[in-house]
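Notes for the structure review
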Amino acid sequence: KAGVTQTPRYLIKTRGQQVTLSCSPISGHRSVSWYQQTPGQGLQFLFEYFSETQRNKGNFPGRFSGRQFSNSRSEMNVSTLELGDSALYLCASSYDRPETEAFFGQGTRLTVV
Amino acid sequence: AQSVTQPDIHITVSEGASLELRCNYSYGATPYLFWYVQSPGQGLQLLLKYFSGDTLVQGIKGFEAEFKRSQSSFNLRKPSVHWSDAAEYFCAVPNQAGTALIFGKGTTLSVSS
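The following paragraphs examine the structure supplied in this document.

1. Considerations on the overall build of chain A
Per the secondary structure count, chain A includes 0 helices and 11 strands. Ordered by position in the sequence, the α and β elements of chain A form the string β-β-β-β-β-β-β-β-β-β-β. The C-alpha radius of gyration of chain A comes to 13 Å, within 12% of the 13 Å expected for a compact globule of 113 residues. Its C-alpha atoms put chain A at 35 × 25 × 25 Å along the principal axes. Here chain A holds 113 residues, and 50% of them are scored as buried. Across chain A, the fraction of contacts at a sequence separation of at least 24, relative to all contacts at a separation of at least 6, is 55%. Placing the 12 positive and 8 negative side-chain charges of chain A at their respective mean positions leaves the two points 6 Å apart.

And the structure:
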């Protein structure tokens with residue numbers, strides 16, 4: 001069965017722009033969560049969606065937002081990009097909750113210049 | 001609050017030697033525990049997980065981990081390391097709601113010949 005697909009794999013944006021990242025979970029999975037990975041801060045939780053509802057949100061500014069569609073695909077958006085937003089953004093797919101088992105995509109490498 | 005500590009930032013092991021990566025957790029009840037591996041520029045792959053029952057858990061690629069409640073530890077082991085095991089390893093626990101994973105800072109494994 002197909003794994004978690006994240007698009008695009010690489011992205012270069014300019015400070016002040018906005019960006020949208022996409023995640024298609026494993027078929028049948030209804031939970032999608034997002035993480036930001038940087039060398040300094042490690043893996044930090046952004047938010048988690050289940051059946052189109054945000055169940056949990058990490059400690060990130062309001063510039064970071066997300067949504068989930070009826071087919072469980074999810075997008076995250078970062079507005080007014082800052083240099084510090086440069087990171088690997090990882091999406092994880094779970095059947096119902098990440099605590100049971102989470103499958104990760106390859107990630108989107110975002111570089112802000 | 002739940003937390004994970006991986007005391008070793010970087011470990012170098014000779015090929016064929018045994019490996020133990022340390023993980024200590026803080027959790028209110030019997031935790032779910034995970035080990036993930038990440039190759040450079042890639043997503044996270046689940047190596048093994050502990051939910052309950054037998055405290056010695058077998059995973060993929062010849063890895064195992066032992067849950068020790070008295071020491072709040074979940075150390076990852078492999079009897080004989082291969083050069084392809086060089087990667088970054090993350091220990092994780094879920095948050096209280098089970099809607100996110102909390103990761104340790106990771107341990108980078110280098111394998112020398």
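2. Digging into the interface of chain A and chain B
Accessible area lost during the coming together of the parts is what is often quoted as the interface size. The interface is formed by 22 residues belonging to chain A together with 21 residues belonging to chain B. Both faces considered, chain A and chain B share a buried interface measuring about 1800 Å² in area, 49% of it formed by carbon and sulfur atoms. Summed over the three residues of chain A that lose the most area to chain B, namely Leu-43, Glu-99 and Phe-104 of chain A, the buried surface amounts to 32% of that side. Linking chain A to chain B there are 1 salt bridge. Note that Lys-49 of chain B is salt-bridged to Glu-101 of chain A, the shortest N-O span being 2.3 Å. The interface formed by chain A and chain B includes 10 residue pairs in polar contact (both at pLDDT 80 or more). Listing elements by their share of the side of chain A that touches chain B, those giving two or more residues are β4 (31-38), β5 (42-50), β6 (53-57) and β9 (87-94) of chain A. No other element matches β5 of chain A, which puts 4 residues into the side of chain A that touches chain B. Among the residues making up the side of chain A that touches chain B, the classes are represented as 8 nonpolar, 8 polar and 6 charged.

3. Section: the nonpolar core
The tendency in soluble globular proteins is for nonpolar side chains to be buried as a group. Core analysis: the biggest nonpolar cluster contains 25 residues, and Leu-19, Trp-35, Leu-47, Leu-48, Phe-74, Leu-76 and Tyr-89 of chain B have the highest contact counts within it. Those elements that provide at least two residues to this core are β2 (10-14), β3 (19-21), β5 (33-38), β6 (44-50), β8 (64-68), β9 (73-78) and β10 (87-94) of chain B. Examining the composition of this core, we find that 4 residues originate from one element, β10 of chain B, more than from any other. By size, the runner-up hydrophobic cluster in this structure holds 21 residues, among which are Leu-11, Trp-34, Phe-64 and Val-112 of chain A.

Parameters and conventions
- Residues numbered from 1 in each chain as written.
- Chains lettered and ligands numbered in written order.
- Predicted model: local features only at pLDDT ≥ 70, side-chain atom pairs only at ≥ 80, totals over all residues.
- Heavy atoms only, no water.
- Helix = DSSP H or I, 4+ residues; strand = E, 2+ residues; numbered from the N terminus.
- Rg over C-alpha atoms; globule rule 2.2 N^0.38 Å.
- Buried < 20%, exposed > 50% of the residue type's maximum accessible area, 1.4 Å probe, protein only.
- Contact = heavy atoms within 4.5 Å.
- Lys, Arg positive; Asp, Glu negative; His and termini not counted.
- Charge placed at Lys NZ, Arg CZ, Asp CG, Glu CD.
- Buried area = accessible area lost by both parts, 1.4 Å probe.
- Salt bridge = Lys/Arg side-chain N within 4 Å of Asp/Glu carboxyl O.
- Polar contact = N/O pair within 3.5 Å; in protein donor to acceptor, adjacent residues only side chain to side chain.
- Nonpolar A, V, L, I, M, F, W, Y, C, P; charged D, E, K, R; others polar.
- Core = buried A, V, L, I, M, F, W, Y, C linked by side-chain atoms within 4.5 Å.

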